[in-house]
Structures are given as structure tokens and as C-alpha cells.
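Analysis of the macromolecular model
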Amino acid sequence: MDTKFIGKKSAAAGGWGALKSCGKQLLQSGMPISGARTMLKANQPDGFDCPGCAWGDPEHGSSFEFCENGVKAVAWEATEKRATPAFFAEKTVSQLRQLTDYELELNGRLTHPMRYDAASDRYLPVAWEDAFSEIGSILKGFASPNRAEFYTSGRASNEAAFLYQLFVRVYGTNNFPDCSNMCHEASGIAMRQAVGVGKGTVLLEDFEEADAIFVIGQNPGTNHPRMLGDLRRAAIRGARVVVFNPIRERGLERFSDPQDKVEMLRGGSTDIASLYLQPQLGGDMAAVRGMAKAVLAAEDAAVAAGLPAVLDHAFLAEHCAGFAEYRAAVEATNWADIEDQSGLSRQEIERAADVYISAERVICTWAMGVTQHLHSVATIREISNFMFLRGNIGRPGAGLCPVRGHSNVQGDRTVGINEKPSDDFLDALEKHFRFTVPREHGHNVLAAIGAMLDGSAEAFIGLGGNFARATPDSALVEKALRRLKLTVHIATKPNHSHLMPGETAFILPCLGRTEMDLNAVGNSQLVSVEDSMSMVHGSAGINRPASPHLLSEVAIIAGIAQATVGSAVVDWSELAGDHDRIRDHIEATIPGFENYNARLRKPRGFHLRNTAAHREWDTPAGKASFSSEALPDETVHQRARKGEGRFALQTFRSHDQYNTTVYGLDDRYRGVYGERQVIFIHPADLTAMNAEAGDRIDVVGEHDDGIERIAENFRFVPYDIPRGSIAGYYPELNVLVPLGSAGRESDTPTSKSIMVSFRRRKAA
């Protein structure tokens, strides 16, 4: 059996492997010297904010900090390769559709606005004004504004996102399917219920003071590598790092910091996790409930022995509501159910609880391993409950820290990209701009796909992203896009969403984060972003644009808006030429942005005040609110083991990708090279199936809606993962994620809870 694609895993995350990868990416871009110079301006006060992730930055102006992810993102954007009109002339859209995501984006930066010609099945160049005019004409022709969907990627700046939502609401709809609908929606919902604000309560500096850090369902080594530097520094000074992750991830085991000269010269690395536990898929809530049960037992034992209390009774009495009900729910949960659902032993869970009890200051951080399940909101409420027990909210070195993915996914939501906007926000828009705002809630991602499928939506406009590849049920989404009257994609490179054109379709190329955006008088425009710690800071491109025909996201939105709704309410051309004016409008309509332009130009920008971090609780009870919800009746791994040959699948990223962008075909941290169609599985499960590493199989979805879902021609990789749970890469496996399976309350696709089986393929 061919297993040459399975090789040695990195001994540690980072290190010389990261530097080698950085060099490879810069060489592949065709601009190794200028690319390296560009990186010197990443996260600097006179440079651009790294587009790689939303992890917080250290003091701007005093640190030179970037990571492998950042180099890949910058090299990907700053490539010398160009997807010109000649590229689109060479192949039909049908032929381009046969390319992989990696092969397609390797063709480089888009250079001209393009319009789809159905007769030739090709994209042809179009003038900007003609594109705007035709888009506006089609949008104006719909019977209702609600027949159009307006998608936003987390790569968009605050200024672009605010202008986008303003245009769409002047147009008359709240249809804002957004990338956050597919990742951290559960975090926002659960935290608003628990503490009154849907954002993390910590600053980066809190990681310097924490005694313990609980990392649940996330893989910083691949998704936000700069976080590993903060975990490493915490581990070196003696903080305990407790990890809950079904997969053994190298970055959470050991990390060699490429910016630590001594460690690099010695070939050393630092242990990250003090305790690494591997729950079953969907078992995190049970694991956290088990820790809470152990904490309450320790409190009872302390009281009986006359020892100091384990719980923070002052915090519970002054700041919390619902503790008695929660305690009763925990006591009613038996250890047998906790162990069965979590996949962990009582002893393992109690060891983790002991770390929590012995720590004065605790941070709990999580990502999509928690948020993409049926019961994600309940799980995050349980995490909040656990942190309330010892008052680990609203003091230095402690708090809740959901880690977002794309660099401005949090900021987009802050400035109004929300299908369910608050009345306060709509009132502010209406008062400031003097127009009647739409009040009816709009569509999120899943509702938008449903509307496109049933014909109640006729247009899709995407501000960045790769909607067709990021969303679940890939075959259905392709069908949904291709039946529309209008599709518009604002993008920097060709991607598969562009190859699913509606009746009229446009690709509108925009400037990247690293490129200068000069206004009419030659001044460089500044944009802003918000990271996972609610820090808002400026970003100014330094490279010349990839093409003289590119426009900024702001200018493209303004052009579409002018052609669609005119300038009676907003002077779009004025805002396109002066981002300071856009920020003036943000300041006038959104709390927290006072003196926006001045504060943005300070070295680190500014922090948006978080009420929960100050122990001010904007909840119905006026306090931090416990949830007493029972554990799920059944999780995906418990359902899977009831059927012979069934497994619980989660999708995740390779180390050589970011979201749907594939930079390369290697995953050195997991020891897979030159191959993406793989399934990670426990060796004992392979033996039980009489299968071997490298065997070829089709992965068959087992959702009970009568739709056949098959991911073809994958190969097995033995891996350290709980028995019955398996994993593989998206977007290749998104075809198996059912539209009909979404998180309760969050409506987020359950990409970490997919029931599947295998079908053997005949040998070639």
C-alpha cells in the first residue's frame, strides 16, 4: 500500500521548520526580497495589520512580531503572479472548475473587473462603470430588497463593513449572511446570555498574569501561531496550561519560538501543555461539567474540614444569578454519564479541576472545536458557569477568551454586519442618516442558502471570502448560486465561488491589506480592524497595487451603492475618497468609538470597553448568569457507536492553509505531505475494519434526510485520536456537512459533529 504521503511529524511547532516554510512561501510568491521587506511592516504603527488571524498584538511600535501564518498570508497576497483577462480567455469556466482550490489560486492576483459571458462560458473584461451600472439596475429591478443576499468575509475592514451595511440598509434589507455565522456565532450568543457582552473579556496582557490557562477545542499552532508565543511565555514562568482536544496537536505539546535566538540555536523547544486530555467529539460540555462537579465536591470537603473555601462566595453573592439552580443541576449529573459522554475518566477530569482550584487567576480560551456542534451554546454557557465558580471574570489574569479566526471577523460585527441588529443600532442609523431603516430580521448563512435554493433570493453579493467552499453541503450551495439572476464577488484572487456564476455574474478585483490605497489627491488611506481582544488599530498598505485597475473595497461598495440607491441619503463618492469621514459616521452611531480618528492613530490604537471585564453585567438579571441546562441527551460519538461502521467526523485545517485558502499540500505538524484527501483515524479502528494506512475509501454521510453525500477517494492516516472519532480537512469534506444540521440557537453548521461511514474503493 502506498503510504509515501505519510511522513515524520515535526518535533515541535515553530522552530526551523517554520522558518523554512516562510522561505518557501516567499520564493513561491516570486517576490522573496520585497515579500520579506513587506513582513517587516506587519503589525507596526506605520504598516499594515497582518491578515493572517485575529490574535491580539503586543505593544505596537515596540515589537517586531509575525508568524508563519502571517508570512503565508502576505506572500499569498503579494505574489507576482497575475490572473489577467488572458488567464480567463485560455479556459472556460467549466474547465477552471476542474482545478483544485490550490491550483486555482496559484494563478495569482486578479487585475481587471470581469463579467461572465454565458455564450462562451468565459469571463470577459468589463469597465468599472458598466459593472456598477448593470449591478445597480438588476438590484433595483427586484420586487423586494429582501431578494438579495449580502455576504461579508472577516477580511473586510471596519470602514468597508460599515459602508456595506449602510448601503444595504439604505437599499432596504437586513440580509447579512456573514462568515461569523459559520464559526463563532455560538460564542457571541452564549456570552451575551452569560455576561452581557458577546466578546472576550481579556486583554493580551492578562496572559502574562494568569496562573492557569484552559485551552478547549482549538489548535493555535495552525490557526493563530502567535498565541503559542504567549502560551510558551506563560509556561516558562510556571503557569499551567490544560488542553482539551480530541487530536494530539503538536503546537499544544511543544513549541520552538522562531524569534527566540537561543532556543533556535540550541534546537530546543518548550513544553506547552501541563495536562493534555482528549475528549470525544462533542464531549467538552460533559468534561467541563465534570470539572465543576469536582470543584463543588472540593468546596464541600473544605467546609467539612474547616479549611478555606474553594468557591468565591463574595463574587457569587454580589455578581451572580442562578447559582443554586446550577449547583443542583451539577449534583444531579452522575459521573457515569459524564465519563461516557466526555470520553474521559473521572480521574482525568479531577486532575484538570485540581489545576483550576490551585490557580488564583484562570483564563479559558476556545475556538471552533467548541462552536461547531449542536449544543455549542450550552457548552459555552457551561464554560462560563465554570469560570464563575471562583470569580475568574473581570479581574487581571482571568477571563473568557474566544479566539476568532479571520483578522476582522469581530470588527465587522461590531460596526453593523448583523442580520439581527439591535434596535439601539438601527435607531442611531436612522437618526444620524435620516432614512427609514429596515427592521425585519434578515438571513444568516443557512437561511440565505435556503432562500437561494427555494427561489426567494435572486442575487448574491460577496464582500470577500469563498462562500461556495466555506459553506456546508457543497453540492447544494453550488446549485443555489448557479440558479441566481446575479452573483457578484469582490475578491483579490480567483476562487471556486467565482466559477458558479448566476445568470449575470461579476468578479470585482480589490486591493489587498498590504497595498496602498491612494485617494484622489494622492494621500494614503488608513483602514482599521478589531482583534479578538477588542483592540482597534490602524492598517495602511505599503506595496504598490498589483494592477492599476484595482479599487479598494470601500470604492467598490460606494460604486455599487451609487448605482443602486443614488446619493439622496449618503454621498458615497465623498466617503470613498475619505475614510476619516466614514469613521466620523461610525463614531456618531456606535458607542465606544469616541474620538475615533485621533485614537486610531496612536501606536496601539485603542480598546473597546468591555462591560463584563469591569463586572458590569448587561443581562436580564443584571448579573453574571448561570445556566442550569442538562447535558445533551446524546452526542455525535454516542450516536455513531450505535451503528456498526459509523464514525464521528470533524473537519479542520491543514497546517498549509487558512480558512479555504490552501497555501501548500503539506501538514508537517501531523506528518502528511503532498496530500489533502486524508482521514485521520485511530490505529485500532483501522485494525477492527481490517484496513491499513493508505487504503482508499469514500466517506459517506449518514444524515437522515434522504440526500446522498459522498466525499470520494480519501486515504487513511493512523493518528492519536479517540476511537470512534475521525478527522479530515475542509473544504474537501464540506460536502458531508448537512445544511439541516445546525447548532441550537446559533444556527452554525455542525462541522465538528458529522456522522459518516466508509465505502471501500477498488484498487486502481
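Re the overall build of the chain
Of regular secondary structure, the chain possesses 31 helices and 31 strands. When burial is assessed residue by residue, the chain has 63% of its 764 residues classed as buried. A fraction of 78% describes how many contacts in the chain between residues 6 or more apart in sequence connect residues 24 or more apart. Here the chain has roughly 26,900 Å² of accessible surface; of this, 50% comes from carbon and sulfur atoms.

Focus: helix α23 (residues 445-454)
By the burial criterion, the buried members of α23 are Val-445, Leu-446, Ala-448, Ile-449, Ala-451 and Met-452. The N-terminus of α23 is capped by Asn-444, whose side-chain oxygen sits 3.3 Å from the backbone nitrogen of Leu-446. In the stretch just after α23, Gly-455 is the one whose phi turns positive, near 90°.

So, the packing of helix α17 (residues 335-342) against helix α18 (residues 346-358)
Look at α17 against α18: their axes get within 10 Å of each other, and the N-to-C directions meet at 90°. Taken together, the axes of α17 and α18 lie roughly perpendicular to each other. In this structure, α17 uses Trp-335, Ile-338, Glu-339 and Ser-342 to contact α18, whose residues at the interface are Arg-346, Ile-349 and Glu-350. Split into classes, the residues belonging to the contact of α17 with α18 amount to 3 nonpolar, 1 polar and 3 charged.

Here's the deal with the packing of aromatic side chains
Where two aromatic rings form a pair, the distance of their centres and the angle of their planes describe that pair. Inspection of the entire model under this criterion finds 30 aromatic pairs. A ring pair is formed by Phe-88 and Tyr-123, whose centres lie 5.8 Å apart and whose planes are at 65°; its orientation type is edge-to-face. One end of the pair, Phe-88, is in helix α4 (residues 85-90); the other, Tyr-123, is in strand β5 (residues 122-125), with 35 residues separating them in the sequence. Measuring from centroid to centroid gives 5.8 Å for Phe-680 and Tyr-729, while their planes differ by 75°, and the two rings are edge-to-face. Residue Phe-680 is found in strand β27 (residues 678-681), and its partner Tyr-729 is found in strand β30 (residues 725-729); the two are separated by 49 residues along the sequence. Three or more aromatic residues joined by ring pairs form one cluster here, namely Phe-315, Phe-323, Tyr-326, Phe-388, Trp-617 and Phe-626. It is Arg-653 that lies over the ring of Tyr-658; its NZ or CZ is 4.2 Å from the centre.

A look at the pairing of strand β29 (residues 710-718)
With 4 bridges connecting them, β27 and β29 associate as parallel partners. Each residue of the ladder has a partner; that of Val-678, found in β29, is Arg-715. Sheet topology places strand β28 (residues 696-701) next to β29; 4 bridges connect them, and they run antiparallel. Residue pairing for β29: Val-700 is matched across the bridge by Ile-710.

Quick look at the state of the cysteines
Under the definition given, this model contains 0 disulfides. Among the cysteines around Cys-401, which has no disulfide bond, Cys-364 carries the closest sulfur, lying 9.1 Å off.

A look at unusual backbone geometry
Negative phi values dominate among residues other than glycine, just as trans dominates among peptide bonds. Between Tyr-730 and Pro-731 the backbone carries a cis peptide bond, its omega angle lying at 10°. Here Pro-731 shows up in the loop between β30 and β31 (754-760). A positive phi angle is found at Asp-121, which is not glycine, with a value near 55°. Locating Asp-121 in the fold gives a position in the loop between β4 (114-117) and β5. Exposure remark for Asp-121: the relative accessible area of 16% places this residue in the buried category. With a phi close to 50°, Asp-473 is a non-glycine residue in the positive phi region. Tracing the backbone through its elements, the reader meets Asp-473 in the loop between α24 (467-470) and α25 (474-482). Asp-473 gets classed as buried once you look at its relative accessible area, which sits at 3%.

As for the sheet that holds strand β11 (residues 275-277)
Across the sheet, which stays open at both edges, the 5 strands sit in the order β11-β8-β7-β13-β14 with parallel pairing between neighbours. The two strands at the open ends of the sheet, each matched to only one other strand, are β11 and β14 (399-402). Between one strand axis and the next, the sheet turns through 15° on average, direction left out of account. Note: strand β13 (residues 362-366) against β14, 4 bridges, orientation parallel. Residue pairing for β14: Cys-364 is matched across the bridge by Leu-400.

Topic: the environment of Trp-128
As for its position among the elements, Trp-128 is in helix α7 (residues 128-140). Of the residues examined, Trp-128 reaches a relative accessible area of 14% and is grouped as buried. Remark: the alpha-carbon pair of Trp-128 and Pro-113, spanning 15 residues in sequence, is separated by 6.6 Å.

Overview of the pairing of strand β6 (residues 148-152)
Regular strands place side chains that alternate from one sheet face to the opposite one. β6 sits mainly inside the fold: 5 of its 5 residues count as buried. Burial along β6 is two-sided: the residues Ala-148, Phe-150 and Thr-152 and Glu-149 and Tyr-151 are all buried. Both β6 and strand β15 (residues 459-463) contribute to a ladder of 5 bridges, which runs parallel. Looking at the pairing, Phe-150 lines up with Ile-461 of β15.

Side note on the sheet that holds strand β18 (residues 527-530)
Within a sheet, neighbouring strands are paired by backbone hydrogen bonds and run either parallel or antiparallel to one another. Pairing in this open sheet of 3 strands is antiparallel, and the strands run β18-β19-β20 from one edge to the other. Since the sheet does not close on itself, it has two edges, and those belong to β18 and β20 (606-607), each with one partner. Pairing analysis gives 4 bridges linking β18 to strand β19 (residues 535-539), with the strands arranged antiparallel. If you follow Val-527 over to β19, its bridge partner there is Ser-539. The strands touched by helix α8 (residues 158-171) within the sheet are β18 and β19, with β18 carrying the most contacts at an inclination of about 90°.

Overview of α25
Burial in α25 covers these residues: Ser-474, Val-477, Ala-480 and Leu-481. Viewed end-on, α25 has its buried residues packed into an arc of 120°, placing them on one side of the element. Looking at the buried side of α25, the elements it contacts are α23, β15, α24 and β16 (486-491).

A short note on the confidence of the model for the chain
Of all residues in the chain, 90% attain a pLDDT of 70 or more, and the chain-wide mean is 90. Here residues 60-65 scores under 50 on pLDDT; set against residues more than four positions off or in separate chains, the count is 20 contacts.

Side note on the side chain of Ser-757
With respect to the helices and strands, the residue Ser-757 is situated in strand β31. According to the relative accessible area criterion, Ser-757 is buried, its value standing at 12%. In this structure the side chain of Ser-757 is engaged in a polar contact, spanning 2.6 Å, whose partner is the side chain of Glu-702. Sequence-distant contacts of Ser-757, that is, excluding residues within four places in its chain, are made with Gly-645, Asp-698, Val-699, Val-700 and Glu-702.

Here we look at the environment of Ile-135
Assignment of secondary structure puts Ile-135 in helix α7. Distance in space between the C-alpha atoms of Ile-135 and Thr-564 is 7.6 Å, their sequence separation being 429 residues. Dropping the residues within four chain positions of it, Ile-135 is found in contact with Ile-461, Leu-486, Val-488, Phe-506, Leu-508 and Ile-560.

Section: the pattern of salt bridges
What the rule picks out here adds up to 41 salt bridges. In this structure, Asp-178 engages Arg-413 in a salt bridge whose closest nitrogen and oxygen atoms are separated by 3.5 Å. In this pair, Asp-178 sits in the loop between α8 and α9 (185-195) while Arg-413 sits in helix α21 (residues 409-414), placing the two residues 235 residues apart along the sequence. Exposure remark for Asp-178: the relative accessible area of 0% places this residue in the buried category.

Thresholds, definitions, all that
Residues numbered from 1 in each chain as written. Predicted model: local features only at pLDDT ≥ 70, side-chain atom pairs only at ≥ 80, totals over all residues. Heavy atoms only, no water. Helix = DSSP H or I, 4+ residues; strand = E, 2+ residues; numbered from the N terminus. Buried < 20%, exposed > 50% of the residue type's maximum accessible area, 1.4 Å probe, protein only. Contact = heavy atoms within 4.5 Å. Areas by Shrake-Rupley, 256 points an atom, 1.4 Å probe, with all protein chains shown as cover. Polar contact = N/O pair within 3.5 Å; in protein donor to acceptor, adjacent residues only side chain to side chain. Axes fitted to C-alpha atoms, helices over the stretch in contact; angles between N-to-C directions. Parallel < 35°, antiparallel > 145°, perpendicular 65-115°, else oblique. Nonpolar A, V, L, I, M, F, W, Y, C, P; charged D, E, K, R; others polar. Phe/Tyr/Trp six-rings, centres within 6.5 Å; stacked < 30°, edge-to-face > 60°. Lys NZ or Arg CZ within 6 Å of the ring centre and 35° of its normal. Pairing = 2+ DSSP bridges. Disulfide = S-S within 2.5 Å. Arc of directions from axis to C-beta. pLDDT = per-residue confidence, 0-100. Salt bridge = Lys/Arg side-chain N within 4 Å of Asp/Glu carboxyl O.

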